Amino acid sequence: MNNFFRSSINIAALLLLTACGGSRENDPPPATEDSLNLALSEVVDQTIIPAVDAFYSDSRVFDSAAAEFCVALDAAGLTALQSHWRGLSESWFRLLPYNFGPLDDDLIFPPYSFIDSYRPRGRAYTETVREQIAAWVSGSMILNTAYFSEQPFNKMGLLAVEIALFETIDTQSQSRADIVDEFQSNGRKCETLVGLSKQLVLRAQSISEGWHIVFQGKGASYRSLFLGNQLEDGSESLATLITAVQQYLDYLSKRHVVSASAAIADYAWPSVSAAVDSIEAMLQGTEKSSLSFFALMKAGGYEASVETVENNFKMIRSSIVFEDALQFEVAISQLDGSFKREIPNGLEVELGVNFTDGD
Amino acid sequence: MQYSKFNSAIALFSRRRFLTGFSALALTLPFSAKVFSVQTKQQEWWVSAQGRDKDNYGLAMQGARTSSLKRVHSSFRGHGVIQHPIKPNKVLMLARRPGRYGVEVDLPSAAVKKHFTCAPQRFLQGHGCFSKDGSVLYTSESELHSGKGLIVLRDSLSYEVLDEFDSHGVGPHELKLMPDGQTLVVANGGLHTHPDSGRTVLNLATMRSTLTYLDARTGALLEQQQVPEAKASIRHLDVAHDGTVVIAMQLQRATMDHSNVVALSAVHRRGAPIRLVTKPDAVVEAMNDYIGSTAVNNQYRVAGFASPRGNLVAFWHIDTLRFLGYHAFHDACGLTVSADATHFVLSNSRGEIRQLRVEDLEEERCLRQQASGLNWDNHLISITLPEMGA
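Scoring rules and cut-offs
Residues numbered from 1 in each chain as written. Chains lettered and ligands numbered in written order. Predicted model: local features only at pLDDT ≥ 70, side-chain atom pairs only at ≥ 80, totals over all residues. Heavy atoms only, no water. Helix = DSSP H or I, 4+ residues; strand = E, 2+ residues; numbered from the N terminus. Buried < 20%, exposed > 50% of the residue type's maximum accessible area, 1.4 Å probe, protein only. Contact = heavy atoms within 4.5 Å. Buried area = accessible area lost by both parts, 1.4 Å probe. Salt bridge = Lys/Arg side-chain N within 4 Å of Asp/Glu carboxyl O. Polar contact = N/O pair within 3.5 Å; in protein donor to acceptor, adjacent residues only side chain to side chain. Core = buried A, V, L, I, M, F, W, Y, C linked by side-chain atoms within 4.5 Å. Pairing = 2+ DSSP bridges.

Novice: Could you clarify how one ought to interpret the overall build of chain A in this entry?
Specialist: A count of helical and extended segments in chain A gives 18 helices and zero strands. Each of the 359 residues in chain A was classed as buried or not, and the buried ones make up 52%. A separation threshold of at least 6 residues defines the contact pool for chain A, and within that pool the share at least 24 residues apart is 72%.

Set out below in structure tokens:
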């Protein structure tokens, strides 16, 4: 009972202070449940779902380009297709920080792992994929959609397409002429490329349908469940978002992503830069936003926390410009820490007792 | 035979008193329990430490089939809770490491009836268990400076210290009495902490965790086992009726030089090597290097392992080690078996309780409960009491 009175007094005092403070017309509203819900819905509709849509769209663009390349089989087509792969890699990195819901709806076979085999445990399956592509190209199995849908995660996804597209099988030559020659001399390499590409499209489509139409047969889209705070595991949607991004940052710093991911295409830095753009937009809003998490934190008196996080981003940007992997991982670790402290505190969200401080 | 550091006279006195208690209470306990059970209608409760801050730390009990909820405040964050075998309407809640207090709570009146403080230069590790006759309380404790692990024996009525044993390791955490009633099994976590530095681990480079069996009367070391991964800390355990011990571990990943998936749970039988639960990889990995509690259902030979950092509880058969399934549940850590053994009961830090049928591990959603304003802590137990008002 004493605690109840104490809480009531605190709430009353807070209301009084708010009233005495003298609000201005353009001030963002304080972090009430309604304002948090509004900010969250804008994050979903202006950052996460556009990332879902872009990845699906870019996968289809890549798939069409792959089909066109396999008809013409020339250097110009390869150059265009490699450029589409880079775009697809950026799209993926914009989406991967939000690794929950349709991206991660199966504990044993999580969909994200079939797109990005490095993400589950930071293991580069480059040699496995190289051997498998060589076997597909030299083998006699029928390389159709049904066949590729049965393949394990570590032989699929962006890495497999990257290897098929950016180097030759025998000598790992990255010369476009050599790569085109190889495609021209063995039609099964194109069948492999197209088969891998179609699986990427199907994965992206499934993620898109989960967010937009229906999730796991529950009669509602994941967007609807997420914004309705009706997640199956009982977690709060905002906590799910913050935890997912924090875990992604942990992955970026500990798994040396800038040196291990997209290495053959030499496209790690632009890819991680896209991820950082996405996370920053999630916090500070986009040009369409009416309310952002940063604005709510400032309105709640957490200006210093926002400044800390903004400084984290500045350091990350600097490391990306100079392609300094060590500084990048240090800066990402600091942002990771902000997602454990400043941001949940500033938004007054509970990540869980045991989660933060278990025994 | 292992003796405590106490001088032999005190040790002999303590041991004699301890053994006397054994025989006296062995005579009285069955009679008391019988009277207790036939006179009253029974009601099941879920009991756990709870709270997020000093203002509301305490213990709470939620009616298993009712909305009844009782709360007891304490000045410290609790961890393990055990039912008093002689006074079954009372439970003992022990402070979370590095803590100094234990409180005896009367459940019908929701009041603290007794408390004790551990000795100077010692701290509690959060768990305890009672002797077979209920006369002795064993608590896992550590010496403040050396980190040496101790099993401290207390009179279960007065909580006076009777004796102490070497735990034969550092950082003893959960301990239980084996079905033979004469053996203690202790999870020596291997982690040395000091209250001055909070929960910071001081010996990560040299940590050594063991599963240790001790003679409950003398403290003699009977058997000790280790897992292959040196940075895996054995912290929680449960014991099946046939003596099979299931263990739950936490990994000190920051100090490891590889990123491989490492087993977080295992099964052990006396005299045999530890059998690690390694499959499926994806499930072990999803537990994020951390299991916070474990419980065995004897009827189905199924063990549950709760991973709050993985937001899931996963289940394996304890004989075949076959993976049986998992339940996604945010920040889930409390885990016990219902009194009728038909359900696993899960709790989380948002005050939620869910029940899964053991036979198929499906959740019965209609049995969901949520205690507003409560934050269930790591461990949950099931207690059956005479029916009482809310």
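Novice: What am I meant to see in the interface of chain B and chain A here?
Specialist: By a widely used convention, the size of an interface equals the accessible area lost when the partners come together. Listed per partner, the contact involves 46 residues of chain B and 23 residues of chain A. Here chain B packs against chain A, burying approximately 2800 Å² in sum over the two surfaces, 38% of which is carbon and sulfur. Taken together, chain B and chain A are joined by six salt bridges. For the salt bridge of B:R52 with A:E350, the shortest nitrogen-to-oxygen distance reads 3.2 Å. The interface formed by chain B and chain A holds nine residue pairs in polar contact (both at pLDDT 80 or more) in total. Among the elements of the structure, β16 (232-239), α2 (281-286), β23 (323-328), β26 (352-357) and β28 (376-386) of chain B are those that each provide at least two residues to the side of chain B that touches chain A. In terms of residues, the side of chain B that touches chain A owes the most to one element, α2(B), which gives five residues.

Novice: Whenever I open this one, the nonpolar core confuses me. Can you help?
Specialist: What tends to happen in soluble globular proteins is that the nonpolar side chains get buried as a cluster. Among the nonpolar cores identified, the biggest contains 105 residues, and A:W85, A:W92, A:L193, A:L241, A:F293, A:F339 and A:L347 are the most heavily contacted of them. Among the elements that line this core, the one with the most residues is helix α2 (residues 33-72) of chain A, at 15 residues. Contacts of A:L241, omitting those with residues within four sequence positions, involve A:L40, A:V43, A:I48, A:Y98, A:F100, A:F226, A:M282 and A:F293. The next biggest cluster of nonpolar side chains, apart from the first, holds 38 residues, and it includes B:I234, B:V262, B:I274 and B:M287.

Novice: Explanation requested: the pairing of strand β7 (residues 111-117) of chain B in the structure shown.
Specialist: Within a regular beta strand, the side chains point alternately toward one face of the sheet and then the other, so they alternate between its two faces. Residue and element names in this part refer to chain B. Sheet topology note: the strand β6 (residues 101-106)/β7 ladder contains six bridges and is antiparallel. Looking at β7, one finds that E104 is bridged to K114. Hairpin connection, β6 to β7: the antiparallel pair is bridged by four residues, and A110 has positive phi, about 50°.

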